[in-house]
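Next come the chains, spelled out residue by residue.
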Amino acid sequence: MRVRVLYKLISKRYGFWIIAFFILLVGIWVVRTRRPDEMNWRFVQAFGIRLPMRYTIHGIDVSRHNDRINWASVRKMEAEGVRIRFVFIKATEGATLSDKHFSKNWREAKKIALHRGAYHFYHPTRDPIKQATNFIRHVELQSGDFAPVVDFEVVNGQTDETIVNGLRTWLETVEAHYQVRPIIYTNGNLYRRYIKGNLDDYPLWIADYSTKHLRSYDAEKLYFWQHNQNGWVKGIRGQVDFNVFVMDEDRMQEICL
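Residues numbered from 1 in each chain as written. Predicted model: local features only at pLDDT ≥ 70, side-chain atom pairs only at ≥ 80, totals over all residues. Heavy atoms only, no water.

### Some details on a positive patch on the surface
How we decide: Like charges within 9 Å and nonpolar side chains (Val, Leu, Ile, Met, Phe, Trp, Tyr) within 5 Å are joined into patches, using only residues over 30% in relative accessible area that form no salt bridge. Every accessible area reported is derived by Shrake-Rupley at a probe size of 1.4 Å, with residue values counting cover from the shown protein chains alone. We define a salt bridge as a contact between a side-chain nitrogen of Lys or Arg and a carboxyl oxygen of Asp or Glu at a distance within 4 Å. Think of it this way: Lys and Arg go in the positive column, Asp and Glu in the negative one, and His and the chain ends go nowhere. To locate a charge, the coordinates of NZ of Lys, CZ of Arg, CG of Asp or CD of Glu are taken. Secondary structure counts use DSSP, requiring at least four H or I residues in a row for a helix and at least two E residues in a row for a strand, with both numbered from the N terminus. Burial classes follow relative accessibility: with a 1.4 Å probe on protein chains only, a residue under 20% of its type's maximum area counts as buried, one over 50% as exposed, and anything between as partly exposed.
Taken together, the side chains of Arg64, Arg68, Lys100, Lys104 and Arg107 present a region of like positive charge at the surface. Note on placement: Arg68 falls in the loop between β3 (58-62) and α2 (71-76). Since its relative accessible area comes to 59%, Arg68 is described here as exposed.

Now the structure itself:
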């Protein structure tokens, strides 16, 4: 009997506050779930993926794995106001390898007036100066081309010091030759471990397929975002990596010759 009376007293005294607290929690949940989509994601059927429509400059990157490309078809493709405006093309890898389709892709991209850039796949176990020389030997940049890109996505069991120092040597060697600061391409995990705090002065191109925003990256250095690797483009066999330029368009000149 006493327990029942006590329960009624507690219910009268605290019931209102319990209900109010519950309503507050529900309100917070509603606000969070209805937060505006800052990237304005939209599924574009022709490309087969969702695109962050907040950005207007969309592009791709290709290598020999994409086989022979019909660049005229790439240039003509447009869907829901989106067309391919730039391309990064693999040029070299390691100290001696070159992409067998690079010369043709490089020439054809220029012919159809796509904004183009060349990248080198970096191996931490190879001499960074020899790797830089390999890239320089194969890539002739012209005015308006993007700055050279180092593609850093493997560590090969090397120490943090070896990786950071090697990357710095490659970057400085390439910068001295082309007289423009190279771009670092990497993923979020490698960025946080090796790039952030060590190579912060270089423009960044991040590959991150899981995030819906870019708040965890340096907004002043992040220029490109590779947001999906499963897109489709007319003229290219198989799936293609999709990217966006995340700065204002007038800042593109900062990373070009």
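### Overview of unusual backbone geometry
Among all residues except glycine, the phi angle is most often negative; among peptide bonds, the trans geometry is most common. Located in the positive-phi region is Ala113, a residue other than glycine, with phi close to 65°. Tracing the chain through its elements places Ala113 in the loop between α3 (102-111) and β7 (115-121).

### Observations concerning helix α6 (residues 188-195)
The following threshold applies: To obtain the arc, one takes the directions from the helix axis to the C-beta atoms. Here a polar contact is recorded for every N or O atom pair within 3.5 Å, except that within protein the pair must consist of a potential hydrogen donor and a potential acceptor, and residues adjacent in sequence are included only if both atoms are side-chain atoms.
Taken together, the buried positions of α6 are occupied by Gly188, Leu190, Tyr191, Tyr194 and Ile195. Buried positions in α6, seen along its axis, are confined to an arc of 160° and lie on one side of it. With respect to the buried face of α6, the exposed residues turned more than 90 degrees away are Asn189 and Arg193. The backbone nitrogen of Asn189 has a side-chain oxygen 3.1 Å away, supplied by the residue at the start of α6, namely Asn187. Looking one or two residues past α6, Gly197 carries a phi angle of roughly 85°, positive in sign.

### Examining the packing of helix α4 (residues 128-138) against helix α5 (residues 160-178)
Note the following rule: Here an angle of 0 to 180 degrees is reported between the N-to-C directions of two axes, which are lines fitted to C-alpha atoms, with helices fitted over the stretch in contact. It is the rotation of the near helix from the far one that decides the hand of a crossing: anticlockwise by less than a right angle makes it left-handed, clockwise makes it right-handed. The contact definition used throughout considers only heavy atoms, calling two residues in contact when any of these lie within 4.5 Å. The nonpolar class holds Ala, Val, Leu, Ile, Met, Phe, Trp, Tyr, Cys and Pro. Asp, Glu, Lys and Arg form the charged class, and all remaining residues, Gly among them, are polar.
Between α4 and α5, whose axes approach to 8 Å, the crossing angle comes to 35°. Relative to α5, α4 is oriented so that their crossing is right-handed. Here Pro128, Ile129, Gln131, Ala132, Phe135 and Ile136 of α4 lie close against α5, whose contacting residues are Gly166, Thr169, Trp170, Thr173, Val174, His177 and Tyr178. Partitioned by chemical class, the residues of the contact of α4 with α5 number eight nonpolar, five polar and no charged.

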